[in-house]
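Okay, here's what each chain looks like letter by letter:
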Amino acid sequence: MSGVNDFAFRMATVNGTGSASSNSLLMQAIFRMGIPVTGKNIFPSNIQGLPTFYDIRVSKDGYTARPQEMDLVVTLNPSTYAKDVASVRKGGYLLYDSSWPLEPDLVREGITILGIPFGKMCVENFEGDRNRTLLRNIVYSGALAAFLSMDMEVVGQMLTEKFSKKKGLLDANRRAIQLGFDYAKSHFECPLPFHLDHMDATGDSIIIDGNSAAALGAVYAGATVGAWYPITPSTSLMEAFTSFCKKFRTEPETGLARYCIIQAEDELSAAGIAIGAGWAGVRAFTNTSGPGISLMQEFVGLAYYTEIPAVFFDIQRTGPSTGMPTRTQQADLMSLAYASHGDTKHIVLFPCNPEECFYMSVKAFDLADRFQTPVFVASDLDIGMNDWMCKRLQWDDSFRPDRGKCLTADELESVMKFSRYLDAEGDGIAARSLPGVHGHGAYFVRGSGHDKHGTYTEDADAYQEVVDRLARKFRLAATAVPAPEIHTVPGAEVGIVSLGGCHAAVLEAIDRLRDMGIVADYMRIRAFPFDAPVRAFLDSHAVTFVVEQNRDAQLRSLLAIETGKPRDEMIPVLDYGGMPLTAMSVVSAVSGHLPRPDTKRSPRKKRKVPA
Amino acid sequence: MTSITKPQVRHPGLKKNALGFTQRDYEGAMSTLCAGCGHDSVTAALVQACFELALPPHRAAKMSGIGCSSKTTAYFMRDSHGFNSVHGRMPSVTTGANAANRDLTYIGISGDGDSLSIGLGQFCHAIRRNVRMLYLIENNGVYGLTKGQFSASADVGSTSKKGETNVQPPIDPVLLALTLGATFVARGFSGDKAQLIPILKAGLSHNGLAMVDIISPCVTFNDHEGSTKSYKFTREHDVEISAADFVPLRREIKAPGTNEAISTVTMHDGSVVRFRKTHEGYDPTNREAAYAHVRACQQRDEVATGLLFIDEHGADMHAVWKTVATPLVDLTYEQLCPGDAALQALMEKYR
C-alpha cells in the first residue's frame with residue numbers, strides 16, 4: 001500500500017557505531033521537506049555490538065504509529081541478515097553492503113535486492129577505523145537520499161548546522177553523503193516507486209522526544225529540585241532538565257544555579273529528596289521507571305498520608321523485574337494508582353505523546369500542590385525516548401502556578417492554634433504551612449497515625465476522620481484532573497477505550513475499521529481517578545474494547561474497580577511484547593471479535609455484536 | 001510515635017537569651033521514652049544548646065526516621081517544624097529540604113538501627129553530599145521499640161538482656177564518617193552533658209554535615225552487665241580525646257593565651273571552637289590522626305569521645321552544586337519561568 005510520501009523503511013545496524021545520529025538526520029530531513037514522519041528506535045539494552053533497528057515511517061496522512069511493514073530495509077549487520085531479509089514486505093527492497101557477498105540462502109524471491117559496497121567505499125575514501133565506521137552511516141544515508149528522492153539541499157544544510165564548528169568533519173560528511181548518493185544514482189534506477197515529495201504539512205510541528213518535553217514542562221512549571229537515580233528509559237528526562245536549567249535558570253549576575261539537581265544513591269533516596277523538598281515548599285520531582293517505582297513505594301505512602309506534594313515521572317518499560325529495559329509497556333498502571341501499603345490512591349496522568357508530556361508535566365505540579373499529594377505522570381519508553389512529530393509547544397505568559405492552600409507569614413500571624421489536617425473549607429483540602437515561615441505554623445509531620453490537628457493518635461474515630469477526608473479529597477481530584485478525550489460518531493455501536501502511547505495507533509485503527517464498515521467511538525483516558533463521563537462512555541456502547549499494553553488488562557481492572565462497570569463487559573485488546581503498538585494489531589483484535597459486515601465501506605447499523 | 005503535651009509553665013525569673021526566649025521555649029512535648037533513657041539527656045542537652053545559641057525556633061527543622069531516637073524530635077522545640085519520616089530515610093528527606101531551603105537549621109536525629117542498618121546507605125551519602133545539618137546518632141546498640149534485638153553497632157561479645165551474645169562485628173559511625181570524608185565528626189555520651197553541649201553547639205554552627213555519635217544507653221534493654229553501651233561501661237571506658245568549648249560569634253572571644261593545650265577553629269559564621277587537648281599531640285584537623293586515635297582507643301577497649309575531627313573549609317552541598325544564595329523556595333515564579341519567547345526560540349532547535 002506504499003506510495004509517494006506513504007511508506008516505511010528500516011535501518012538494521014550494530015549499536016555503538018554511530019548509526020543513531022545518521023538515522024535521526026534522515027528523519028529530520030524528511031520532516032524539513034514538510035512531510036509527516038515518525039522514527040522508532042528499537043535498541044538493545046547494551047552499549048556496543050548488539051543489533052539495533054531504526055524504523056522511519058513517512059505518512060502524508062499524518063499517521064504516527066509504528067509501521068506495520070517495511071518497504072525498504074537497509075541491512076548492515078550480518079548477524080541479523082536473515083531477520084532483515086524476512087522483514088521486507090512482498091515486493092519491497094533490501095539494501096545491503098556488497099563489500100561482502102550476501103549468503104545465497106538469504107536471497108529471497110519477490111523482493112528486490114540492492115547492493116552497494118559501503119564498507120569498501122569508506123576504506124578507499126577515508127582514513128582511520130573510527131572514521132570509516134562512522135561515515136559508513138552517512139554513505140548509506142546518501143544512497144537513501146537518492147533512492148527516496150530526498151532533497152539534497154536540505155540534507156546539506158543539516159550537515160552544515162550539525163558540524164558548523166568542526167570544519168574537517170563537515171567536509172568528510174559532505175563527501176560521504178555525496179559518495180552514497182552518486183553511487184545509487186549511477187547504478188540503480190532512482191527514485192524507487194515509493195519516495196518523497198515536498199509537502200507543506202509540518203509547518204507548525206516540531207520533532208521532540210517525550211522526556212525532553214516533560215523536562216521542559218518541569219522548567220515551565222517552576223520546579224527547582226530534581227532528584228533521580230539513573231535508569232533506562234527515564235534518564236534522558238533529568239539530562240534534559242539539567243541542560244534546560246543551565247540554559248534558562250542560571251542567575252545572570254553570578255552564574256549560580258536557580259535549581260538543585262541531585263543524583264541520589266538509589267530511588268528510595270530520590271523519592272525522599274523530592275518529598276523533603278516538597279515539604280520545604282518548592283516544586284520537586286523525581287523521574288524513574290518500573291523498578292524505581294517499586295523501590296519508592298514506602299515514601300509514596302508517606303507523602304500521601306502526610307499530604308506532601310511531589311511529582312513522579314514513571315517512564316514505563318517492560319516488566320516484571322528488570323524485564324526488557326529498552327522495550328516499552330504500560331504495565332505499571334495498577335502499581336501507580338494504588339502505590340504503597342495501606343489504603344492509598346494517587347493521581348496518575350497519562351500523556352499520549354511528547355506534546356502532552358509538556359502540558360501534563362505542568363499540570364502535574366499544579367495538581368500536586370493543590371491536592372498536596374504525590375502525582376504520577378505515566379509516560380513510557382516509546383513516548384519518552386523516541387522522536388515524535390507533534391505540535392509546536394506554546395506557553396501562555398499569564399500562567400501562574402496553583403500553589404494550593406499554603407499559608408503565608410501574615411496569615412499565620414493571626415492563627416493561634418494551627419491544625420494541619422483540619423478541613424476548614426469542607427473540600428477535603430487542609431491548609432499547609434511551610435517550615436521557616438512562622439512559628440505559629442509549626443507542626444509535626446508524622447507517618448504514624450494522626451488526628452486532624454496532626455497530633456499522634458491511636459483513636460479509631462480521630463484516625464478515621466483523617467483518612468475519610470483523604471478519600472473525599474481524592475474524589476474531588478477526579479473533577480480536576482484532565483478529562484478523557486472522547487470522539488463520538490453517530491451510529492457507532494463499538495466503543496474503544498485506550499490510554500497513553502496507544503493513542504496514535506488507535507486513531508489509525510479507527511480509520512481502518514471504518515474502511516471495513518466498523519464504526520467506533522473512542523475514549524482516551526487521560527488521568528486517574530476517573531470522573532462520571534468515563535462510566536457514561538462505558539455504558540453507552542453495546543460492546544467496548546479496552547486497548548492497552550500489558551498482559552493483565554490493568555486499565556480494564558482500574559475501570560472495573562473504580563467505576564463499577566462489570567469487568568467482563570469490557571473486551572481487552574492487549575499488546576505487551578515491548579514494541580510500540582501498531583494500528584493493525586488493534587484492527588485485527590477488534591474486527592476479530594465482531595461478525596464480518598455484509599458489505600464493505602458501509603456504516604454499520606443494527607448489527608449484532610457479541611457481549 | 002507517641003507524645004504528651006507538656007504544660008507550659010512560665011517562671012518570670014528565667015534567664016532569657018538574645019532573642020528574649022527562655023530555655024522553656026526550647027522544650028517540646030513530654031517524653032514517652034522509658035524513665036532514665038539516655039535519649040532524654042540528649043534532648044535536654046539539645047534544648048540547652050539551642051537556647052544558648054539563641055536559634056529562632058521557627059527557623060529550625062527537626063528531622064528523624066523511625067525508632068526510639070527518632071521519637072525525640074517531638075520532645076524539644078515545639079515551635080519548630082518537625083518531620084518524622086520513614087525508617088532510615090531521614091538523610092534523604094533532609095537533603096531535599098535543605099536543597100529547597102538552605103537557610104534553615106536542620107537537626108537530624110537518628111539511631112544506630114536507623115542509620116547503621118536500614119539507613120546505612122543514606123547516612124553515607126548524606127555525608128558525601130555534605131548536607132548542612134546536625135546529624136545525631138543516639139547509639140545504644142539495640143533495637144528498643146521492637147524489644148531488644150542487637151543493632152549493627154553492638155560490640156562482639158556484648159550480651160543482650162535475654163542472654164544472647166552478639167557475634168557480628170559492629171559498624172562504628174565515627175570511623176565510617178571519617179573514611180567517607182565527613183567534615184565534622186564527634187562522639188559524646190548522654191551521661192556527660194558538660195562535654196556534649198559545646199559539641200552540639202559547634203555542630204549546629206558547622207558549615208556542612210556535623211556527625212555526632214552519642215552513646216546513649218537503653219535502660220530497658222541494654223544497660224546490664226555485659227553490654228558495652230551501658231552507663232557503667234561507657235563511664236569506665238570513656239576517653240576524652242579533645243574537649244571543646246564553643247564560642248558563638250556574638251560573645252567576646254577570649255584569646256587562648258599561652259596555654260599550648262588549647263587550639264581554636266573558626267567556624268564559617270565567625271564563631272570559634274576551642275579545643276582543650278586532653279590527649280597529647282592530638283590534632284582535630286588531621287583526619288588520619290583522628291582515625292588512628294579512635295582505632296587505638298578501640299583496641300584498648302576505650303571509647304574515644306570529644307570533637308574528633310573538623311574541617312571547616314569543606315564545601316557543603318550548595319557550594320558543590322553552585323546554587324544561588326537565595327533559598328530556592330524564595331525564588332519568584334518570574335525568576336523561574338523562561339516565558340513563551342524563550343520557548344519559541346528553543347522550538348527552532350526542534351525543527
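Predicted model only: the values in this text are computed from it and were never measured. (Residues numbered from 1 in each chain as written. Chains lettered and ligands numbered in written order. Predicted model: local features only at pLDDT ≥ 70, side-chain atom pairs only at ≥ 80, totals over all residues.)

1. Description of the overall build of chain B
Scanning chain B for helices and strands turns up twelve helices and twelve strands. Going through the 351 residues of chain B one by one, you find that 54% of them count as buried. Residue pairs in contact within chain B that sit at least 24 positions apart in sequence constitute 73% of those at least 6 positions apart. (Helix = DSSP H or I, 4+ residues; strand = E, 2+ residues; numbered from the N terminus. Buried ≥ 20, exposed ≤ 12 C-beta atoms within 10 Å, placed from the backbone. Contact = placed C-beta atoms within 7 Å.)

2. A short note on the overall build of chain A
Helix and strand counts for chain A come out as 19 helices and 21 strands. Taking 611 residues into account, the globule formula puts the C-alpha radius of gyration at 25 Å, and chain A, at 27 Å, falls close to it. Projected onto its principal axes, the C-alpha positions of chain A cover 85 × 70 × 40 Å. The buried share of chain A, taken over its 611 residues, is 54%. For chain A, the proportion of contacts with a sequence separation of at least 24, taken over those separated by at least 6, is 74%. (Rg over C-alpha atoms; globule rule 2.2 N^0.38 Å.)

3. Here we look at the domain arrangement of chain A
By a widespread convention, an interface's size corresponds to the accessible area lost as its parts come together. Residues and elements named next belong to chain A. In terms of domains, chain A is made up of domain 1 (6–187), domain 2 (208–391), domain 3 (409–478) and domain 4 (485–593). When each unit is reduced to the centre of its C-alpha atoms, the spacing between domain 1 and domain 4 is 36 Å. In this assembly, six residues from domain 1 lie in contact with nine residues from domain 4. (Domains from an automatic or database assignment.)

4. So, the sheet that holds strand E3 (residues 51–59) of chain A
Residues and elements named next belong to chain A. Strand order in the open sheet made by the six strands is E2-E3-E1-E4-E5-E6, with mixed pairing throughout. Two strands bound the open sheet, and with one partner strand each, they are strand E2 (37–42) and strand E6 (112–116). For this sheet, the mean inter-axis angle between neighbouring strands, taken without regard to orientation, is 15°. One ladder, built from five bridges, connects strand E5 (residues 88–97) with E6; its direction is parallel. When the sheet's bridge partners are listed, Asp97 is paired in E6 with Ile116. Contacts between helix H1 (residues 19–32) and the sheet are confined to strand E1 (6–14), E2 and E3, with E2 contributing the most and set at about 165° to the helix. (Pairing = 2+ DSSP bridges. Axes fitted to C-alpha atoms, helices over the stretch in contact; angles between N-to-C directions.)

5. Looking at helix H3 (residues 90–100) of chain B
Across the eleven residues of H3 of chain B, eleven count as buried, placing the element largely inside the fold. Taken residue by residue, H3 of chain B has Met90, Pro91, Ser92, Val93, Thr94, Thr95, Gly96, Ala97, Asn98, Ala99 and Ala100 of chain B as its buried positions.

6. Remarks on the pairing of E3 of chain A
All names here are of chain A. Most of E3 is tucked away, with eight of its nine residues classed as buried. The pairing of E1 with E3 spans nine bridges and is antiparallel. Residue pairing across strands places Thr13 opposite Thr52, the latter belonging to E3. Both E2 and E3 contribute to a ladder of six bridges, which runs antiparallel. The residue bridging Asn41 from the neighbouring strand is Tyr54, located in E3.

7. Things to note about the environment of Arg66 of chain A
All names here are of chain A. With respect to the helices and strands, the residue Arg66 is situated in the loop between E3 and strand E4 (70–75). Its 24 C-beta neighbours within 10 Å are what place Arg66 among the buried residues. Linking Arg66 and Thr582, residues 516 residues apart in sequence, is a C-alpha distance of 5.3 Å. Look past the residues within four positions of Arg66 in its chain and what remains in contact with it is Lys40, Asp55, Met579, Pro580, Leu581 and Thr582.

8. Examining the environment of Gly96 of chain B
Structurally, the position occupied by Gly96 of chain B is in helix H3. When the C-alpha positions of Gly96 of chain B and Ile171 of chain B are compared, they lie 26 Å apart, and in sequence the two are 75 residues distant. If sequence neighbours within four positions are ignored, Gly96 of chain B has contacts with Val225, Ala227, Gly272, Ile273, Ala274, Ile275, Gly276, Ala277 and Ala284 of chain A.

9. Description of the confidence of the model for chain B
Per-residue confidence for chain B averages 88 on the pLDDT scale, and 89% of its residues sit at or above 70. Under a pLDDT of 50 for its full length, residues 250–261 of chain B has, in the predicted model, eight contacts with residues more than four places off or in other chains. (pLDDT = per-residue confidence, 0-100.)

10. Some words on the sheet that holds strand E21 (residues 570–574) of chain A
Residues and elements named next belong to chain A. If you trace the five strands from one edge of the open sheet to the other, you get E16-E18-E17-E20-E21, paired in mixed fashion. Edge positions in the sheet fall to strand E16 (485–487) and E21, since each has one partner strand and no second. Mean inter-strand twist for the sheet, computed between neighbouring axes without regard to direction, equals 20°. Summarising the sheet, strand E17 (residues 494–499) and strand E20 (residues 543–548) pair through four bridges and their orientation is parallel.

11. Some details on helix H16 (residues 503–515) of chain A
Residue and element names in this part refer to chain A. An ideal rise of 1.5 Å per residue puts 18 Å on 13 residues; H16 measures up with 19 Å between its terminal C-alpha atoms. Of the surrounding secondary structure, the elements contacted by the buried residues of H16 are E17, strand E18 (520–525), E20 and helix H19 (583–593). Of the residues one or two after H16, Gly517 is the one with positive phi, at around 95°. (Expected span 1.5 Å × (residues − 1).)

12. A closer look at the interface of chain A and chain B
Across the contact, 56 residues belong to chain A and 50 residues belong to chain B. Of all the secondary-structure elements, those providing two or more residues to the side of chain A that touches chain B are strand E7 (205–209), helix H7 (210–221), strand E8 (225–228), strand E9 (260–263), helix H9 (267–279), helix H10 (290–306) and strand E15 (444–446) of chain A. In terms of residue count, the dominant contributor to the side of chain A that touches chain B is H9 of chain A (nine residues). Its residues placed into classes, the side of chain A that touches chain B shows 33 nonpolar, 13 polar and ten charged. (Nonpolar A, V, L, I, M, F, W, Y, C, P; charged D, E, K, R; others polar.)

13. Some points on the nonpolar core
Ranked by internal contacts, the top residues of the largest apolar core, which has 273 residues, are Ala274 of chain A together with Val185 of chain B. With ten residues, the top contributor of residues to this core is helix H4 (residues 129–147) of chain A. Apart from residues lying up to four places away in sequence, Ala274 of chain A is in contact with Val225, Ala227, Ala284, Phe285, Thr286 and Ala310 of chain A together with Gly96 of chain B. Residues Tyr143, Ala154, Cys218 and Phe221 of chain B belong to the second largest nonpolar core, which totals six residues. (Core = buried A, V, L, I, M, F, W, Y, C linked by C-beta atoms within 7 Å.)

14. A word on the pairing of strand E3 (residues 105–111) of chain B
Residue and element names in this part refer to chain B. Most of E3 sits out of view: seven of its seven residues are buried. Here E3 shows no split at all, with Thr105, Ile107, Ile109 and Gly111 on one side and Tyr106, Gly108 and Ser110 on the other all buried. In this sheet, E3 lies alongside strand E1 (residues 60–64) in parallel orientation, the contact comprising five bridges. Across the sheet, the residue bridging to Ala60 is Thr105, located in E3. Pairing between E3 and strand E4 (residues 133–139): five bridges, direction parallel. Each bridged residue has a counterpart across the sheet, and for Ile109 the counterpart in E4 is Leu136.

15. Examining the packing of H7 of chain A against helix H12 (residues 354–371) of chain A
Any two packed helices are characterised by the angle at which their axes cross and by the distance between the axes. All names here are of chain A. Across the interface, H7 lies against H12 with an axial gap of 7 Å and an inter-helix angle of 30°. When you trace H7 past H12, the crossing you get is right-handed. The residues of H12 that touch H7, namely those facing Gly210, Ala213, Ala214, Leu216, Gly217, Ala218, Tyr220 and Ala221, are Pro354, Glu355, Cys357, Phe358, Tyr359, Ser361, Val362 and Phe365. Looking at the contact of H7 with H12 residue by residue, the class counts come to twelve nonpolar, three polar and one charged. (Left-handed = near helix turned anticlockwise from the far one by under 90°.)

16. Observations concerning the confidence of the model for chain A
Here chain A averages 95 in pLDDT, while 97% of its residues score no lower than 70. Note on residues 599–611 of chain A: pLDDT under 50 across the span, and 26 contacts to partners over four residues away in sequence or across chains.

17. Looking at the packing of helix H6 (residues 173–180) of chain B against helix H9 (residues 287–299) of chain B
Residue and element names in this part refer to chain B. Between H6 and H9, whose axes approach to 10 Å, the crossing angle comes to 160°. When the interaxial angle is binned, H6 and H9 end up roughly antiparallel. Note that H6 runs across H9; the crossing there is left-handed. Residues Val174, Leu175 and Leu178 of H6 form the contact with H9, whose participating residues are Arg287, Ala290, Tyr291 and Val294. The class makeup of the residues in the contact of H6 with H9 is six nonpolar, no polar and one charged. (Parallel < 35°, antiparallel > 145°, perpendicular 65-115°, else oblique.)

18. Describing unusual backbone geometry
A cis geometry characterises the amide bond from Cys190 of chain A onward to Pro191 of chain A, with omega recorded as -5°. Counting through the fold element by element, Pro191 of chain A comes out in the loop between helix H6 (167–187) and E7. The peptide bond linking Gly319 of chain A to Pro320 of chain A adopts the cis configuration, its omega dihedral lying at -5°. Here Pro320 of chain A shows up in the loop between strand E11 (310–316) and helix H11 (333–337). Its identity as a non-glycine residue notwithstanding, Met77 of chain B has a phi of 45°, on the positive side. By secondary structure assignment, the location of Met77 of chain B is in the loop between helix H2 (68–71) and strand E2 (81–84). Judged by local crowding, Met77 of chain B falls into the buried class, with 26 C-beta atoms found within 10 Å. Backbone geometry places Asn130 of chain B, a non-glycine residue, at a positive phi of 55°. Locating Asn130 of chain B in the fold gives a position in the loop between helix H5 (120–129) and E4.

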